[in-house]
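Given next are the chains, with one letter for each unit.
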Amino acid sequence: GIWDRLSSRDCADLVRDLAYEEGETDVGLVCEEVIDTALELDSRDNMTCCVVFFPDAERDGTSTSLDTVAGGVLQRRMDREESWGADSTPAKRAQLRVDERRRKRDLIGLQEAKVSKVHRQRQQRGLHLYME
């Protein structure tokens, strides 16, 4: 699921950006954002995410507190809601894309069945004309 849509580097960058640049301290929300990102990239597989924050982790040789910047996942969600509209989530948007693909597949199947039926009818008519 996740690795179908995000490389290891992309996933690590996402987690790092959320933690250090956007100030997200809730590890559960970070995991949800990783999964939401994969869903938005059209992953349709099962997904599990586990992120571990190590206290006093060093980044670029300097100690960085995880709570120095405002924003994080909740800010991303507010931005998405503003962009996509209220009550829209990556999971709902992914489901809408799956439903749309199913409708298209069903429509194509119906069209192919009609073409096949017409083709059979034409073959049968041709066969009858030949036999007469």
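Before reading on, note that the structure itself is shown above.
Note that the coordinates shown come from a computational prediction; the quantities given were computed from them, not determined experimentally.

Caption draft 1: Up close: helix α2 (residues 8-21). Over its 14 residues, α2 runs 19 Å from end to end, which matches the ideal 20 Å to within 8%, given 1.5 Å per residue. When we look at burial in α2, the residues that qualify are Cys11, Leu14, Val15, Leu18, Ala19 and Tyr20. Directly after α2, the chain includes Gly23, whose backbone phi takes a positive value near 75°.

Caption draft 2: View of the packing of α2 against helix α3 (residues 27-40). Here α2 crosses α3 at 135°, and the two axes come no closer than 10 Å. The pairing of α2 with α3 is recorded here as oblique in orientation. The interaxial crossing formed by α2 with α3 has right-handed handedness. Here Cys11, Leu14, Val15 and Leu18 of α2 come into contact with α3, specifically with Val30, Glu33, Val34 and Thr37.

Caption draft 3: Inspection of unusual backbone geometry at higher detail. One non-glycine residue, Asp42, lies in positive phi territory at about 80°. Mapped onto the fold, Asp42 is located in the loop between α3 and β1 (58-59).

Caption draft 4: Looking closely at the side chain of Glu33. Following the sequence through the fold, Glu33 ends up in helix α3. Note on Glu33: relative accessible area 1%, which makes it buried. When residues no more than four places from it in sequence are discounted, the contact partners of Glu33 are Leu14, Leu18, Val73, Arg76 and Arg80.

Caption draft 5: Structural view of the packing of aromatic side chains. Overall, the coordinates contain zero aromatic pairs when judged by the stated rule. Here the guanidinium or amino end of Arg93 rests over the ring plane of Trp84, the centre of that ring lying 3.8 Å away.

Caption draft 6: Quick peek at the nonpolar core. The biggest cluster of nonpolar side chains holds 17 residues, and the ones touching the most others in it are Ile2, Val34, Cys49 and Val51. For this core, the secondary-structure elements that each account for two or more residues are α2 and α3. With six residues, the top contributor of residues to this core is α3. Contact partners of Cys49, with chain neighbours within four places excluded, come to Ile2, Cys31, Val34 and Ile35.

Caption draft 7: The arrangement of the pattern of salt bridges in detail. Per the stated rule, a full pass over the model turns up 15 salt bridges. Residues Arg16 and Asp17 are paired through a salt bridge, measuring 3.5 Å at the closest nitrogen-oxygen approach. Judged by its relative accessible area of 28%, Arg16 falls in the partly exposed class. Residue Arg76 is joined to Glu22 by a salt bridge in which the shortest nitrogen-to-oxygen separation is 2.7 Å. With Arg76 in helix α4 (residues 72-84) and Glu22 in the loop between α2 and α3, this pair connects stretches of sequence that are 54 residues apart. When salt bridges that share partners are traced, they join Glu22, Glu33, Asp36, Arg76 and Arg80 into one network.

Cut-offs applied
Residues numbered from 1 in each chain as written. Predicted model: local features only at pLDDT ≥ 70, side-chain atom pairs only at ≥ 80, totals over all residues. Heavy atoms only, no water. Helix = DSSP H or I, 4+ residues; strand = E, 2+ residues; numbered from the N terminus. Expected span 1.5 Å × (residues − 1). Buried < 20%, exposed > 50% of the residue type's maximum accessible area, 1.4 Å probe, protein only. Axes fitted to C-alpha atoms, helices over the stretch in contact; angles between N-to-C directions. Parallel < 35°, antiparallel > 145°, perpendicular 65-115°, else oblique. Left-handed = near helix turned anticlockwise from the far one by under 90°. Contact = heavy atoms within 4.5 Å. Phe/Tyr/Trp six-rings, centres within 6.5 Å; stacked < 30°, edge-to-face > 60°. Lys NZ or Arg CZ within 6 Å of the ring centre and 35° of its normal. Core = buried A, V, L, I, M, F, W, Y, C linked by side-chain atoms within 4.5 Å. Salt bridge = Lys/Arg side-chain N within 4 Å of Asp/Glu carboxyl O.

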